[in-house]
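Listed below, chain by chain, are the residues.
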Amino acid sequence: MHLPRSNIHALVLTAITVVCVWLFPSTTTSVLFYGVLIGAGVQLVASVCVHQSRSKLGLVEPSVKSYALVTGASAGLGVDYAKQLASRGYSVILVARREQALNKLASEITEQYGVEVIVRAMDLGKSGAAATLFSQVIQALPSNATVDILVNNAGFAKNDKFLNVDLYTYSSMVQLNSMHLMEMCHVFAKSMVTRGRGRIMNIGSVAGVGPDPLEAVYGATKAFVNSFSRALSYELAPKGVGVLNCCPGATITEFSEVSGLTKSPVFLFPGFQTTSHFVAKTSLDSLLSPVVPCCIYPGFMNVIFANVIPMEPHWLIMWVGHFLWANLKGKSLEFAEKIHKNFGSKFL
Ligand SMILES: NC(=O)c1ccc[n+]([C@@H]2O[C@H](COP(=O)([O-])OP(=O)(O)OC[C@H]3O[C@@H](n4cnc5c(N)ncnc54)[C@H](OP(=O)(O)O)[C@@H]3O)[C@@H](O)[C@H]2O)c1
């Protein structure tokens, strides 16, 4: 059974309050105790209501006429999403800038899974890209075919002090990671709502849970994705469309190279990283289930981060975050690389 995070918080708070009342019996602790009990009850009722509305989601049955659009499909998580969706029987639409990589993946998928594949090479970081892509896709789709699944995955980060990176890079990051993702949801969700079925997965990040020094803009774009997707999930569930906010932590892809994170503890310390195959599998299992949760943190460490960060003071989150994102140098880098080489893969 899926127990929402709010209920786990409520249960933990109730347990702590019961212990407090037992240790320090007084009017204040008793009032606190009843307050927490009422709070936990309200959360329970709310989660049952939300569960009821999510149960009305139409199933998206796999077929060659049912297409899944994956952005950022030329590398990393996008490749796994495309392959795993095709292996589940959906036709796929692959979008990214590198056409050659997309065509190579398209041939692999057609050969291995026998589904239809459409390739669109385009820069999604340009303003208006979502509307252009939507009209191109509608024209390219065979008759009676529909886009039933949307995976908004394309994104990038830049790891450095805020003032060391040019404004153009930040504007492109905000445009791609947040604006484009929101626009894609707007243009594609309309027809899903009309049909009364569909699934949207927005890739946020654990980085969006708290402020991230050295990844200040990236963290903020992902905070937007996390917040927006969960609200959308609530709005669209009664219309039959499931929206899932997938929040990976450090995942072994080209991302660490592109963002300049290869020397950071988050990509070197054993136990912090997951594989893209694992992230894609766990999140697709949730996305395609009859009751779609509003968010998922694939991997044990990510669940811990996601639950602990909101309870900690901001100075502590930023201090730890700064350490995890920082590029190690000299002896500490040598030591971390040695540990990573010997033990890193054992935790994957
Ligand atoms: N890996 C991690 O540790 C991690 C953790 C949390 C969240 N995430 C998120 O997961 C998503 C996928 O990341 P990944 O790890 O798979 O990274 P990746 O291996 O670097 O892949 C990024 C993908 O996005 C595409 N892309 C980048 N800029 C684009 C643009 N302007 N237009 C179209 N496509 C563009 C790239 O294709 P082209 O270069 O061919 O355009 C590539 O296919 C991102 O949103 C990222 O923020 C990753």
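Reading guide: rules and limits
Residues numbered from 1 in each chain as written. Predicted model: local features only at pLDDT ≥ 70, side-chain atom pairs only at ≥ 80, totals over all residues. Helix = DSSP H or I, 4+ residues; strand = E, 2+ residues; numbered from the N terminus. Expected span 1.5 Å × (residues − 1). Buried ≥ 20, exposed ≤ 12 C-beta atoms within 10 Å, placed from the backbone. Arc of directions from axis to C-beta. Contact = placed C-beta atoms within 7 Å. Domains from an automatic or database assignment. Near = placed C-beta within 6 Å. Nonpolar A, V, L, I, M, F, W, Y, C, P; charged D, E, K, R; others polar. Core = buried A, V, L, I, M, F, W, Y, C linked by C-beta atoms within 7 Å. Axes fitted to C-alpha atoms, helices over the stretch in contact; angles between N-to-C directions. Parallel < 35°, antiparallel > 145°, perpendicular 65-115°, else oblique. Left-handed = near helix turned anticlockwise from the far one by under 90°. Pairing = 2+ DSSP bridges. Right-handed = clockwise from strand over helix to strand, strands pointing away.

1. Things to note about helix 7 (residues 216-236)
Reasoning step 1: If you check helix 7, its first and last C-alpha atoms are 30 Å apart, about what 21 residues at 1.5 Å a residue would give, namely 30 Å.
Reasoning step 2: Residues Tyr-218, Gly-219, Thr-221, Lys-222, Val-225, Asn-226, Ser-229, Leu-232, Ser-233 and Leu-236 constitute the buried set of helix 7. Along helix 7, the residues classed as buried sweep out an arc of 160° about the axis, all on the same side.
Reasoning step 3: Buried residues along helix 7 sit in contact with helix 6 (167-195), strand 5 (198-203) and strand 6 (241-246).

2. Some thoughts on the domain arrangement of the chain
Reasoning step 1: Each assigned domain of the chain is listed here: domain 1 (5-54) and domain 2 (66-307).
Reasoning step 2: Centre-to-centre separation of domain 1 and domain 2, based on C-alpha positions: 35 Å.

3. Section: the site of the ligand
Reasoning step 1: Close to the ligand lie 27 residues; Gly-72, Gly-76, Arg-97, Gly-155 and Phe-255 are nearest.
Reasoning step 2: For the shell around the ligand, the secondary-structure elements that each account for two or more residues are helix 3 (76-87) and helix 8 (255-259).
Reasoning step 3: When residues in the shell around the ligand are grouped by element, the largest group, 3 residues, is from helix 3.
Reasoning step 4: Across the shell around the ligand, the residue classes tally to 13 nonpolar, 10 polar and 4 charged.

4. Re the environment of Glu-257
Reasoning step 1: Relative to the assigned elements, Glu-257 resides in helix 8.
Reasoning step 2: Sequence spacing of Glu-257 and Lys-158 is 99 residues, and the spatial spacing of their C-alpha atoms is 9.9 Å.

5. Description of unusual backbone geometry
Reasoning step 1: With phi around 70°, Asn-144 is a residue other than glycine that occupies positive phi space.
Reasoning step 2: On the secondary structure map, Asn-144 appears in the loop between helix 5 (129-140) and strand 4 (146-152).
Reasoning step 3: Look at Leu-214: it is not a glycine, yet its phi comes out positive at around 80°.

6. Some remarks on the nonpolar core
Reasoning step 1: Counting 71 residues, the largest nonpolar core has Val-70, Ala-82, Leu-85, Val-92 and Leu-94 as the members making the most contacts within it.
Reasoning step 2: No other element matches the 7 residues that helix 6 contributes to this core.
Reasoning step 3: Ignoring any residue separated from it by four or fewer positions in sequence, one finds Val-92 in contact with Tyr-67, Ala-68, Val-70, Ala-82, Leu-85, Ala-86, Ile-109, Val-115 and Val-117.
Reasoning step 4: Ranked by size, the runner-up nonpolar core spans 9 residues in total, among them Leu-214, Leu-261, Phe-267 and Leu-324.

7. Considering the packing of helix 3 against helix 4 (residues 99-113)
Reasoning step 1: Where helix 3 contacts helix 4, the two axes come as close as 10 Å, and the packing angle between them is 20°. Regarding the angle of helix 3 to helix 4, the classification is roughly parallel. Here helix 3 runs over helix 4; the crossing is right-handed. Where helix 3 abuts helix 4, its residues Val-79, Ala-82, Lys-83, Ala-86 and Ser-87 lie against Leu-105, Ile-109 and Tyr-113.

8. Points about the packing of helix 5 against helix 6
Reasoning step 1: Packing of helix 5 against helix 6 leaves a shortest axis separation of 8 Å and a crossing angle of 35°. For helix 5 against helix 6, the interelement crossing comes out right-handed. Here Ala-129, Ala-130, Ala-131 and Phe-134 of helix 5 come into contact with helix 6, specifically with His-180, Glu-183, Met-184, Val-187 and Phe-188.
Reasoning step 2: Here the contact of helix 5 with helix 6 is composed, by residue class, of 7 nonpolar, 1 polar and 1 charged.

9. Some points on the pairing of strand 4
Reasoning step 1: For strand 4, a buried count of 6 out of 7 residues is recorded, marking the element as mostly surrounded by other parts of the structure.
Reasoning step 2: Alignment of strand 1 (residues 66-71) against strand 4, held across 5 bridges, turns out to be parallel. Bridging from a neighbouring strand, Ala-68 pairs with Ile-149 of strand 4.
Reasoning step 3: Where strand 4 lies against strand 5, 4 bridges are found, and the strand directions are parallel. Each residue of the ladder has a partner; that of Asn-152, found in strand 5, is Asn-202.

10. Re the pairing of strand 5
Reasoning step 1: The buried count for strand 5 comes to 6 of 6 residues, which makes it a mostly enclosed element.
Reasoning step 2: Where burial is concerned, the two faces of strand 5 agree: the one with Gly-198, Ile-200 and Asn-202 and the one with Arg-199, Met-201 and Ile-203 are both buried.
Reasoning step 3: Of the crossover connections in this fold, the one passing from strand 4 over helix 6 to the parallel strand 5 is right-handed.
Reasoning step 4: In terms of strand pairing, strand 5 meets strand 6 through 6 bridges, oriented parallel. The partner of Ile-203 across the bridge, within strand 6, is Cys-246.
Reasoning step 5: Assessed by its sense of winding, the connection that carries the chain from strand 5 through helix 7 to strand 6 is right-handed.

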